[in-house]
Amino acid sequence: MTARAAILSRLKAGVFRQPVATQAAADVPYPLPTDNLRAQFIERLSETHAEVRSCDAESMPQAVVDWMTDIGAQQQWVSQTSALGQQLWKRKPKDAVWVDPQAPMDQDRAQVFHDIGLAVTSSHSALFETGTIALIPDQHEPRTMSLVPPIHLVVVHLSSVVGRFEEWIRRYPACAEHTNVLMITGPSKTADIQQTLAYGAHGPKRLLVMVVE
Amino acid sequence: MTEATPIRILDNPREPSFRPAMDYLIDKRAQQFPDSDDFERLRVQSKQLKQAALSNLPALLEQAEAAMVANGIQVHWAETIEEAQATIHQIMLDTQATTMVKGKSMVSEEIYLNHHLEAHGLRAVETDMGEFIVQLAGETPSHIIMPAIHKSKEDIAALFQAHLDVPYTLDVDELIAIGREQLRTEFEQAGIGLSGVNFIAADTGTLCLVENEGNGRLSTTAPDVHVAITGIEKVVAHLADVPKLIRVLTRSATGQPITTYVNWIHGPRKPEERDGPRAVHLVLLDNGRSQLYQKERQQESLQCIRCGACMNHCPVYTRIGGHAYNTTYPGPIGKILSPHLTSLPDTPDHPKASTLCGACHTVCPVGIPITDLLLDHRAQATLPRREQWIWRFWSMFNRHPRVYRMSLGLMLRLYPLLPKWLGGWTRHRAAPALSHQSLGQKMAARPKKGVQSGAAS
Ligand code: SF4
């Protein structure tokens, strides 16, 4: 008998107690705030230790490029094929060093891990409750972009903000068709050394969020 | 599971107190559940979700497997730790990788994976900061969420200095930066990555991982091959159940409303994608779980989502630390789980080493009645003959007041004749002094008080 058959047959021979259904199990609705969503969402983001700026849709590409210039990273990852990336490339400052991430893990990884100072990506949506940003990486913005460089700048549209995780999954059941879905809340962190919180454990040390109204 | 392993309390008297660390975690959790009614509602909900999944476990496992296979994930089943070791070893040989980068996985500890791979000339590198520290020190995790909680900043500084050839520093940011640099070179080279899994959604075949550091994401993104390993009890029915369980998991574990990363994996990279592993494997481990599933009461321990809250709140764990248990899973959950996991040493004393204070049960986000299960373990245990006789006498004395009083009086009078040497107890302490009067005598000698003043005191 294979391991699979043996395990399943033992499980089928057992009976696990059925849960007793009660009223308490229902979800409590969580509506988005109706007044000043922007300010409140920015506050939630800041609580996660993200750095936030905001702009309107029209000024967005330039506002992102300006922020990148302010940071002044040596080499920056900007996708040449994503909708956001194309808008940005049109405004690339002459002396800035921008590179398309290509296939990041199939090239010289040492360079990817050490030389890229910042990456810019778009986002899929966001969760108001926890100040979380949902990313669905694809061939235009591979997942390494939001993971390896020490600074991640992400653009979030206010119209994509959902109340909380439970509603998000109801609204986007098709997310399961993507290879990888990421919910990101603040920069990478750890409290593994004597419960002292430190940022930039393995992922980005800084998370910059551009909120677009 | 050969010989009985007692709880080792005084093995390392230098191990610092866990109190401050536990207070920190207790406090952070409490802030996340300010309203006890709300906690109760969430707890009932999570418990029901886990119980509903478990009551349908074989069908859900089959459904999950079909969904994962359709997504391109290769599913392996392992009845024993040897099978799991061999499966992962073989995948590593097929990949021709010599180093494995590991995200945090308690199940990989349960199967002694690092040890097995090292015995075959392969390297396994822990990349979670806490696990990395523990591995450098040649130890095992003392807590399932905070593996290096028993180490002080000074310990870690000295450890890094000795092993990594870096200057001694007590700056935590610098220490983390050292770990980050060190492990980046591993991620650059590793051909295979391993991770645990927090939840598997049967309807979509999703592997869900939660973490704060990003090493879990790196281990499942940078290498060409990703191997996930988990116990068969981790399956839930719907992807929509996962956010509800994460809600209580991260709040109970580290007092966070959500971890930095929630990572959903649905398969290897598609042809058009530019990164991600080219192959994804999942190893489903049994190791005694299916036998546990057949046990009417004890089966409830399979509901556990490994948040660690029961450890943080346990007065015994806080006092003795995780290593004292000598099992992969320490603390209250370890006491009810370890006896069923066949790879772990026999620990007949563990269920007795509890005050039954119930703190674990009170905080458990999936409502496992840990104290009841401990009592059940005690009831099932066969006591040594001598202990059986002692309890039989004890029960006889307590059922016969006259015999009780007579022998107590005798005891008090003969007490000076008792030996001053009482085995292990007197090696470190003086023998306890008995009172010259029994409690009954003292009570009788007290002036009678009115009910009123008694109630007011
Ligand atoms: S038994 Fe409950 S409290 Fe303990 S780790 Fe498991 S889920 Fe958490």
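Treat the numbers as computed from the prediction; the structure is a model and nothing was measured.

As for the layout of surface pockets
A water-sized probe rolled over the atoms picks out the places where empty space is left.
All names here are of chain B.
Step number 1: Roughly 550 Å³ of volume is contained in the second largest pocket.
Step number 2: E109, Y112, E139, T140 and P141 are, among the 24 residues lining the second largest pocket, the residues nearest its centre.
Step number 3: When contributions to the lining of the second largest pocket are tallied by element, the ones reaching two or more residues are α5 (106-110), α6 (113-119) and α7 (129-136).
Step number 4: The biggest single contributor to the lining of the second largest pocket is α6, with 4 residues.

Remarks on the nonpolar core
Step number 1: Counting residues in hydrophobic clusters, the biggest one holds 117 residues, and the most contacted among them are W168 of chain A together with L207 and W264 of chain B.
Step number 2: The contacts of W168 of chain A, once residues within four sequence positions are left out, are H124, S125, L127, A134, V162, C175, V181 and M183 of chain A together with W264 of chain B.

Things to note about a nonpolar patch on the surface
Residues and elements named next belong to chain B.
Step number 1: Taken together, L410, L414 and L417 make up a surface patch of nonpolar side chains, about 330 Å² in accessible area.
Step number 2: Along the polypeptide, L417 turns up in the loop between α19 (401-414) and α20 (424-428).
Step number 3: Classification of L417 as exposed rests on a relative accessible area of 70%.

Digging into the packing of α7 of chain B against helix α8 (residues 153-164) of chain B
Residues and elements named next belong to chain B.
Step number 1: The contact between α7 and α8 brings their axes to 10 Å, and the two run at 65°. With respect to the hand of their crossing, α7 and α8 are arranged in left-handed fashion. In contact with F132, I133 and L136 of α7, α8 contributes I156, L159, F160, H163 and L164.
Step number 2: The residue makeup of the contact of α7 with α8, split by class, is 7 nonpolar, 1 polar and no charged.

Some thoughts on the packing of helix α1 (residues 3-13) of chain A against helix α3 (residues 57-70) of chain B
Packed helices, taken two at a time, are described by the angle between their axes plus the distance between the axes.
Step number 1: Running from N to C, α1 of chain A and α3 of chain B point in directions that differ by 145°, and their axes come no closer than 8 Å. Contacts from R4, L8, L11 and K12 of chain A of α1 of chain A reach α3 of chain B at L57, P58, L61, E62 and E65 of chain B.

Considering the sheet that holds strand β5 (residues 199-201) of chain B
Step number 1: Pairing in this open sheet of 8 strands is mixed, and the strands run β8(A)-β5(A)-β6(A)-β9(A)-β9(B)-β6(B)-β5(B)-β8(B) from one edge to the other. Two strands in the sheet have a free side with no partner beyond their single neighbour: β8 (161-162) of chain A together with β8 (235-236) of chain B.
Step number 2: Sheet topology note: the strand β5 (residues 125-127) of chain A/β8 of chain A ladder contains 2 bridges and is parallel. By the bridge assignment for β8 of chain A, L127 of chain A is matched with V162 of chain A.
Step number 3: Each of β5, β6 (206-211), β8 and β9 (261-265) of chain B touches helix α11 (residues 242-254) of chain B; the most contacted strand, β5 of chain B, lies at about 170° to it.

Quick word on the side chain of R289 of chain B
All names here are of chain B.
Step number 1: For R289, the position within the fold is in helix α12 (residues 289-293).
Step number 2: Classification of R289 as buried rests on a relative accessible area of 2%.
Step number 3: When neighbours within four sequence positions are excluded, R289 is seen to be in contact with V107, E110, G231, I232, E233, L302, R306, Y329 and L341.

Some points on the domain arrangement of chain B
Step number 1: Once the domains are mapped, chain B shows domain 1 (18-290) and domain 2 (386-423).
Step number 2: A C-alpha centroid distance of 53 Å is found between domain 1 of chain B and domain 2 of chain B.

A closer look at the site of the ligand
Step number 1: Around the ligand sit C304, I305, R306, C307, G308, C310, I333, C364, P365, V366, I368 and I370 of chain B, and that is every residue in its neighbourhood.
Step number 2: The class makeup of the residues in the shell around the ligand is 10 nonpolar, 1 polar and 1 charged.

Side note on the pattern of salt bridges
Step number 1: Counted by the stated rule, this structure contains 28 salt bridges over all chains.
Step number 2: Residue R10 of chain A pairs with D286 of chain B through a salt bridge whose shortest N-O separation is 2.9 Å. Of this pair, R10 of chain A sits in helix α1 while D286 of chain B sits in the loop between β10 (279-285) and α12, each in a different chain. Neither R10 of chain A nor D286 of chain B differs from the other in exposure class; each is buried.
Step number 3: Members of the salt-bridge network, linked through shared partners, are D106 of chain A together with D224, R269 and R278 of chain B.

Remarks on the packing of aromatic side chains
Step number 1: As enumerated under the stated definition, the model contains 12 aromatic pairs over all chains in all.
Step number 2: Ring pairs connect the aromatic residues F165, W168 and Y172 of chain A together with W264 of chain B, which therefore count as one cluster.
Step number 3: Sitting over the ring of F39 of chain B, R29 of chain B keeps its end group 4.9 Å from the ring centre.
Step number 4: Over the face of the ring belonging to Y261 of chain B we find R217 of chain B, whose NZ or CZ atom lies 4.9 Å from the ring centre.

Thoughts on the sheet that holds strand β12 (residues 206-212) of chain A
Residues and elements named next belong to chain A.
Step number 1: With parallel pairing, the 6 strands of this open sheet are ordered in space as β1-β12-β7-β4-β2-β3. Each end of this open sheet is capped by a strand with a single partner; those strands are β1 (51-55) and β3 (97-99). Going across the sheet, the axis of each strand differs from the next one's by a mean of 20°, ignoring polarity.
Step number 2: In this structure, strand β2 (residues 75-77) lies alongside β3, joined through 3 bridges in parallel fashion. If you follow W77 over to β3, its bridge partner there is V99.
Step number 3: Set on the sheet, helix α2 (residues 37-47) makes contact with β1, β7 (151-157) and β12; between it and β1 the angle comes to about 160°.

Overview of helix α3 (residues 60-71) of chain A
Step number 1: With 12 residues, α3 of chain A ought to run about 16 Å at 1.5 Å a step, and its terminal C-alpha atoms sit 17 Å apart, in line with that.
Step number 2: G72 of chain A lies just past α3 of chain A and shows a positive phi near 70°.

Parameters and conventions
- Residues numbered from 1 in each chain as written.
- Chains lettered and ligands numbered in written order.
- Predicted model: local features only at pLDDT ≥ 70, side-chain atom pairs only at ≥ 80, totals over all residues.
- Heavy atoms only, no water.
- 1 Å grid on protein atoms, 1.4 Å probe; cavity = no way out; pocket = protein on both sides within 12 Å on 5 of 7 lines; lining within 4 Å.
- Points joined across faces, edges and corners; volume = space filled by probe spheres on them.
- Helix = DSSP H or I, 4+ residues; strand = E, 2+ residues; numbered from the N terminus.
- Core = buried A, V, L, I, M, F, W, Y, C linked by side-chain atoms within 4.5 Å.
- Buried < 20%, exposed > 50% of the residue type's maximum accessible area, 1.4 Å probe, protein only.
- Contact = heavy atoms within 4.5 Å.
- Patch = residues over 30% accessible without salt bridge, like charges linked within 9 Å, V, L, I, M, F, W, Y side chains within 5 Å.
- Areas by Shrake-Rupley, 256 points an atom, 1.4 Å probe, with all protein chains shown as cover.
- Salt bridge = Lys/Arg side-chain N within 4 Å of Asp/Glu carboxyl O.
- Axes fitted to C-alpha atoms, helices over the stretch in contact; angles between N-to-C directions.
- Left-handed = near helix turned anticlockwise from the far one by under 90°.
- Nonpolar A, V, L, I, M, F, W, Y, C, P; charged D, E, K, R; others polar.
- Pairing = 2+ DSSP bridges.
- Domains from an automatic or database assignment.
- Near = heavy atom within 4 Å.
- Phe/Tyr/Trp six-rings, centres within 6.5 Å; stacked < 30°, edge-to-face > 60°.
- Lys NZ or Arg CZ within 6 Å of the ring centre and 35° of its normal.
- Expected span 1.5 Å × (residues − 1).

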